[in-house]
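Structural overview
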Amino acid sequence: MSESLIPATLAPGGFVRNPNQPDWGLGRIQTVLGSRVTVNFEHLGKVVLDLATVTLVEAQPDEALPD
């Protein structure tokens, strides 16, 4: 089960998805600085997101996309 993440629960190396952009694929957190998170998504590449405007959900590397 996925949960929305807050900055305190994010850590480099963790896996996430952006439920509003499922085509980005699985993302791996690279850095966390306050509410800004750098994530490397499999179909988009590296992107810096502000968690004040974007919600990420925890994911597992082998997790299938929900229908």
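What you see is a predicted model, and the numbers here were worked out from it, not measured in a lab. (Residues numbered from 1 in each chain as written. Predicted model: local features only at pLDDT ≥ 70, side-chain atom pairs only at ≥ 80, totals over all residues. Heavy atoms only, no water.)

Here we look at the nonpolar core
Here is the rule: Working definition of a nonpolar core: buried Ala, Val, Leu, Ile, Met, Phe, Trp, Tyr and Cys residues. They are joined through side-chain atoms within 4.5 Å. Three exposure classes are used, based on accessible area relative to the maximum for each residue type with a 1.4 Å probe and protein chains only: buried under 20%, partly exposed in between, and exposed over 50%. Strands are runs of DSSP state E lasting at least 2 residues, helices are runs of H or I lasting at least 4, and numbering of each runs from the N terminus.
Grouped together as the largest cluster of nonpolar side chains are twelve residues: Leu10, Val16, Trp24, Ile29, Val37, Val39, Phe41, Val47, Leu49, Leu51, Val54 and Leu56. The set of elements that each furnish at least two residues to this core consists of strand E3 (36–41) and strand E4 (45–50). The leading source of residues in this core is E3, at three residues.

Considering the environment of Thr9
For Thr9, the location among the structural elements is in the segment before strand E1 (15–17). In this structure the C-alpha to C-alpha distance between Thr9 and Glu58, which are 49 residues apart in sequence, comes to 9.6 Å.

Let's talk about the pairing of E3
For the record, the criterion: Pairing between strands is defined by DSSP: at least two bridges between the two strands are required.
Of the pairings in the sheet, the one linking strand E2 (residues 27–33) to E3 comprises six bridges and is antiparallel in character. When the bridges of E3 are listed, Gly27 appears paired with Phe41. Between E2 and E3, which pair antiparallel one after the other, the connecting turn spans two residues, and Gly34 there sits at a positive phi close to 65 degrees. Pairing between E3 and E4: six bridges, direction antiparallel. Its bridge partner lying in E4, Phe41 is registered against Gly45. Where E3 hands over to E4, the hairpin turn is made up of three residues, counted between the paired strands.

Comments concerning the pairing of E2
Each regular strand displays side chains that alternate between the two surfaces of the sheet. Pairing geometry for E1 and E2, over two bridges, is antiparallel. The residue of E2 that forms the bridge with Phe15 is Arg28.

That's the geometry; what it means functionally is another story.
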